[in-house]
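# A closer look at the structure
Chain residues, written in single-letter form:
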Amino acid sequence: MKMGLAGGPVLTNIPGYKELSPAGVIDPNLFSLIPEHLIRRYMLVPVRKSGNCLFVAMAEPFNILALDDLRLFTGCDIEPLAAAKKEIKTLIEKHFGTPEIEMVMQDLGIGPEDGEPGATPEEESIDQAPVIRLVNLILTRAIDEEASDIHIEPFEDYVRVRYRIDGLLSEIMKLPRKMIFPVVSRIKVMANLDIAERRLPQDGRIPLKLSGCDIDLRISTLPTMFGEKVVVRVLNKGNVYKYNLPRLGLSGYNLERFQSFIKAPHGMLLVTGPTGSGKTTTLYTALNEINTIEKNIITVEDPVEYTLANINQAQINEKAGITFANYLRSILRQDPDVIMIGEIRDPQTAEIAVQASVTGHLVLSTVHTNDAPGAVTRLINMGTAPFMVASSVTGVVAQRLVRRICLRCKQEVKPDNQERAFAGLAPGTSLFAGAGCEVCNYTGYKGRIAIYEVMTLSPELQNIILQNVSTEEIRQAAVSAGMITLKKDGLAKASKGLTTVKEIMRACLRE
């Protein structure tokens, strides 16, 4: 495959046009040869100059008007090269900056020299149209790029804005130091937070409706040395209805086990994994699967991330003394069939959840452990008796999210020695990876997929748990009973070309 700027593919079916070298480096001085307004108008980037010939990457290499203007302004012969529009736009913004942000700075009277530490605009500026446009730009761009989180971070000389896309953070823009107060205050106004309180953390939410989609922005502020840091969690309410159990990515073997857990009349299903591993999505999908008119389903969450149709959802409020344990006691008097607990985090919640599961209720919840066997040990460490854990827990699901290979630039590759050793591959084995293109922003990945570890508490495993053994002994017994580990499930998906061995190594190198 021929490659373009930053390793991206270029069009190869244009006769007489040269192609960009993947090793080529663009000299920043070349940008001075062409006026900025022409570069932005025609979406082009000067690549290199050889004698009187200027090579220019263009989104529309057949644009005769653009070629004539370039010859007139530069006095050079123009050799057009075809490249992706998104790729060119990224390079233009990298060199000249984002025009919307520059306009905001100009409207506020802030120039590059105004970025000294400690300087902040007047409080009145938070309601000015330029600040509103800037905050709207940051939010809408994150939604367009399918970011899961927005980080606005103040430092001594600048403010950094980062998006978390497919699980990884990347820097999107830098703002002058002066902008931290108006930007944070504007977000606080939108979230109905106290703009005068800058010493304590605050939490809020902003409901939005964009292009027919319901978006919920969860706002968290945190005072730091140089101002308040803001993290915005982006929740698309429509996403939860896109999933059903087969679309979660469970293999046939694991799917059959998972379905047996949620179809049981009673017992406890635990979903475990680190923050941001998709546990809530898995539980919501399970609830949608078993949601029928005959069942009374009640959830208690912190916070309620998505609103589910025909399900009673409650949100805890610890400041008001309403905790998971308090809510659960009341829920048990509401004649529930299924109870979903956002997280088991204390002995009181664990005790009530276990009692509910052994008295005829199906209980779904999450715990924070590294693997499925660790969930059993975690409950015991909270003070739950081993015999109660063995009799109440029917299954545990551990999961991680790994990046999916971009379908647009997917290609066969030879794994390196480290990958072969990790995956146990024979020499000469081929796998798949993304080459990088404009669709995936030249990362080789687009979207994410889950890998799973599903542990069924069989009678043999229950006997092991009654002996109050270590997590490792439970793990060995579970594997002997047929549990597929996270690593094995991930490597199976890598062999199918869904993800890469590097991603599996990143997610579960401990194994």
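Residues numbered from 1 in each chain as written. Predicted model: local features only at pLDDT ≥ 70, side-chain atom pairs only at ≥ 80, totals over all residues. Heavy atoms only, no water.

What follows concerns unusual backbone geometry. Along the chain, aspartate 302 connects to proline 303 via a cis peptide bond; the corresponding omega equals -5 degrees. Of note, proline 303 is situated in the loop between β11 (297–301) and β12 (312–315). Notably, glutamate 146 is not glycine yet its phi reads approximately 60 degrees, a positive angle. Position of glutamate 146 relative to the elements: it lies in the loop between α5 (129–144) and β4 (149–154). For glutamate 146, a relative accessible area of 59% corresponds to the exposed category. We note that asparagine 468 has phi near 55 degrees; this positive angle belongs to a residue other than glycine. (Helix = DSSP H or I, 4+ residues; strand = E, 2+ residues; numbered from the N terminus. Buried < 20%, exposed > 50% of the residue type's maximum accessible area, 1.4 Å probe, protein only.)

One finds Met268, Ile344 and Met455 to be the most contacted residues of the largest nonpolar core, which totals 38 residues. The residues touching methionine 455, leaving out its near neighbours within four places in the chain, are Arg257, Phe261, Ala372, Pro373, Val376, Thr394, Gly395, Val396, Leu461, Ile474, Ala478 and Met483. Among the nonpolar cores identified, the runner-up in size contains 31 residues, and Ile138, Met173, Val184 and Ala191 belong to it. (Core = buried A, V, L, I, M, F, W, Y, C linked by side-chain atoms within 4.5 Å. Contact = heavy atoms within 4.5 Å.)

Further remarks concern the packing of helix α9 (residues 324–331) against helix α10 (residues 347–357). With their axes 8 Å apart at the nearest point, α9 and α10 run at an angle of 20 degrees to one another. By the angle between their axes, α9 is roughly parallel relative to α10. Here α9 and α10 pass one another in a crossing that is left-handed. Of α10, the residues touching α9 (which contributes Phe324, Ala325, Leu328 and Arg329) are Gln348, Thr349 and Ile352. (Axes fitted to C-alpha atoms, helices over the stretch in contact; angles between N-to-C directions. Parallel < 35°, antiparallel > 145°, perpendicular 65-115°, else oblique. Left-handed = near helix turned anticlockwise from the far one by under 90°.)

On the basis of which strands lie adjacent, the open sheet formed by three strands has the order β1-β2-β3 and mixed pairing. Only two strands of the sheet have a single partner each, and these edge strands are β1 (44–50) and β3 (77–82). With strand direction ignored, the average angle separating the axes of adjacent strands in the sheet is 25 degrees. Against the sheet, helix α2 (residues 64–74) contacts β1, β2 (53–58) and β3, and its axis sits at roughly 140 degrees relative to β3. (Pairing = 2+ DSSP bridges.)

Take the packing of aromatic side chains next. Tallied over the full model, the rule gives two aromatic pairs. Taking 5.5 Å as the distance between ring centres and 40 degrees as the angle between the ring planes, the aromatic pair formed by phenylalanine 155 and tyrosine 158 counts as tilted. The partly exposed category is assigned to tyrosine 158, whose relative accessible area is 27%. Pairing tyrosine 284 with tyrosine 306 gives two aromatic rings, centres 5.8 Å apart and planes at 75 degrees, and the pair type is edge-to-face. (Phe/Tyr/Trp six-rings, centres within 6.5 Å; stacked < 30°, edge-to-face > 60°.)

The next subject is the pairing of β1. With six bridges joining them, β1 and β2 adopt antiparallel strand pairing. Residue proline 46 lies in a different strand from β2, and its bridge partner there is valine 56.

For the rest of this paragraph, the subject is the packing of helix α14 (residues 459–466) against helix α15 (residues 471–480). Contact geometry of α14 with α15 gives a least axis separation of 10 Å together with a crossing angle of 170 degrees. As judged from the angle between their axes, α14 and α15 are roughly antiparallel. On α15, the residues touching Leu461, Ile464 and Ile465 of α14 are Ile474, Ala477 and Ala478. Its residues placed into classes, the contact of α14 with α15 shows six nonpolar, no polar and no charged. (Nonpolar A, V, L, I, M, F, W, Y, C, P; charged D, E, K, R; others polar.)

A word on the sheet that holds strand β5 (residues 158–165). An order of β6-β5-β4-β9-β8-β7 is seen for the six strands of this open sheet, with the pairing classed as antiparallel. This sheet does not close on itself; its edge strands, each paired only once, are β6 (168–176) and β7 (202–210). Across the sheet, the axes of successive neighbouring strands diverge by a mean angle of 20 degrees, strand direction being ignored. Bridge count for β4 against strand β9 (residues 227–236) is four bridges, and the pairing is antiparallel. Across the sheet, histidine 151 pairs through a bridge with valine 231, a residue of β9.

What follows concerns the environment of isoleucine 152. If you trace the backbone, isoleucine 152 turns up in strand β4. If near-sequence neighbours (up to four positions away) are discounted, isoleucine 152 is found in contact with Val159, Arg160, Ile180, Val183, Ile187, Glu228, Lys229 and Val230.

Counted by the stated rule, this structure contains 21 salt bridges. Residues arginine 160 and glutamate 153 are paired through a salt bridge, measuring 2.8 Å at the closest nitrogen-oxygen approach. Here glutamate 153 falls in the buried class, since its relative accessible area comes to 5%. Lysine 209 is the partner of aspartate 214 in a salt bridge, and the nearest nitrogen-oxygen pair spans 2.6 Å. Accessibility expressed as a relative area gives 59% for lysine 209, which makes it exposed. (Salt bridge = Lys/Arg side-chain N within 4 Å of Asp/Glu carboxyl O.)

Here the focus is the confidence of the model for the protein chain. When the pLDDT values of the protein chain are averaged, the result is 85; 87% of them are 70 or greater. In this model, residues 1–25 is a region of pLDDT below 50 whose contacts with residues beyond four sequence positions or in other chains number 60 contacts. Of the regions scoring below 50 in pLDDT, residues 115–122 engages in 17 contacts with residues more than four places distant in sequence or in other chains. (pLDDT = per-residue confidence, 0-100.)

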